[in-house]
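Structure assessment
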Amino acid sequence: MHFDRELDVKGLNCPLPILRTKKALSDMSPGQVLHVLATDPGSLKDFQAFARQTGNELLSSAEVDRVFEYYLKRK
C-alpha cells in the first residue's frame, strides 16, 4: 500500500505509540497516509479506538512476526 510517511514505534508501550502517531499525523496533510510499525500487543485496540475518536481512517492493520503494521489516513 502507498504511504506518505512511516513511523517506527517498535519497542514502545502504550500510550507512546498512539502519542507519536498523533504527533506524526498532525504534521501531515489531509488525505495523506501514515504507515506505523509497532510491537505492543495492545496496540490493535488502541489504534482502532484512536481512529474512531479522532476521525482519522484506519485503512488496514496486520501482524507479521509479532510486528503490528497500521495504515492510517489523515482526516
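Residues numbered from 1 in each chain as written. Predicted model: local features only at pLDDT ≥ 70, side-chain atom pairs only at ≥ 80, totals over all residues. Heavy atoms only, no water.

**Looking at the packing of helix H1 (residues 16–26) against helix H2 (residues 43–54)**
Interhelical geometry of H1 versus H2 gives an angle of 40° and a closest axis separation of 10 Å. H1 and H2 meet at a crossing whose hand is right-handed. In this structure, H1 uses Pro-17, Ile-18, Thr-21, Lys-22 and Leu-25 to contact H2, whose residues at the interface are Asp-46, Phe-47 and Phe-50. In terms of residue class, the contact of H1 with H2 is built from five nonpolar, one polar and two charged. (Axes fitted to C-alpha atoms, helices over the stretch in contact; angles between N-to-C directions. Helix = DSSP H or I, 4+ residues; strand = E, 2+ residues; numbered from the N terminus. Left-handed = near helix turned anticlockwise from the far one by under 90°. Contact = heavy atoms within 4.5 Å. Nonpolar A, V, L, I, M, F, W, Y, C, P; charged D, E, K, R; others polar.)

**Regarding the side chain of Ser-43**
By the element assignment, Ser-43 lies in helix H2. Assessed through its relative accessible area of 1%, Ser-43 is described here as buried. Polar side-chain contacts of Ser-43 include one of 2.7 Å to the side chain of Tyr-70. Excluding residues that lie within four positions of it along the chain, Ser-43 makes contacts with Ala-38, Phe-68 and Tyr-70. (Buried < 20%, exposed > 50% of the residue type's maximum accessible area, 1.4 Å probe, protein only. Polar contact = N/O pair within 3.5 Å; in protein donor to acceptor, adjacent residues only side chain to side chain.)

**As for unusual backbone geometry**
Of all residues except glycine, most have a negative phi; of all peptide bonds, most are trans. Following Cys-14, the chain continues into Pro-15 via a peptide bond in cis, with omega recorded as 10°. As for its position among the elements, Pro-15 is in the loop between strand E1 (5–8) and H1. Not every positive phi belongs to a glycine, and Asp-65 is a case in point at roughly 50°. By the element assignment, Asp-65 lies in the loop between strand E3 (57–64) and strand E4 (67–73). On the accessibility criterion, Asp-65 (75% relative accessible area) is exposed.

**A closer look at the packing of aromatic side chains**
Counted according to the given criterion, the structure contains two aromatic pairs. With 6.2 Å between their ring centres and 50° between their planes, Phe-3 and Tyr-71 make a pair best called tilted. Here the residue Phe-3 occupies a position in the segment before E1, and Tyr-71 occupies one in strand E4, the gap between them amounting to 68 residues. With a relative accessible area of 31%, Phe-3 lands in the partly exposed category. With 4.2 Å between their ring centres and 15° between their planes, Phe-47 and Tyr-70 make a pair best called stacked. Within this pair, whereas Phe-47 is found in helix H2, its partner Tyr-70 is found in strand E4, the two being separated by 23 residues in sequence. (Phe/Tyr/Trp six-rings, centres within 6.5 Å; stacked < 30°, edge-to-face > 60°.)

**What about the nonpolar core?**
Among the nonpolar cores identified, the biggest contains 15 residues, and Leu-7, Val-9, Leu-34, Val-36, Phe-47, Tyr-70 and Leu-72 are the most heavily contacted of them. For this core, the secondary-structure elements that each account for two or more residues are H1, strand E2 (33–38), H2 and E4. Aside from chain neighbours lying at most four places away, what touches Val-36 is Leu-7, Val-9, Thr-21, Phe-47, Phe-68, Glu-69, Tyr-70 and Leu-72. (Core = buried A, V, L, I, M, F, W, Y, C linked by side-chain atoms within 4.5 Å.)

So yeah, pure geometry; function would need other evidence.
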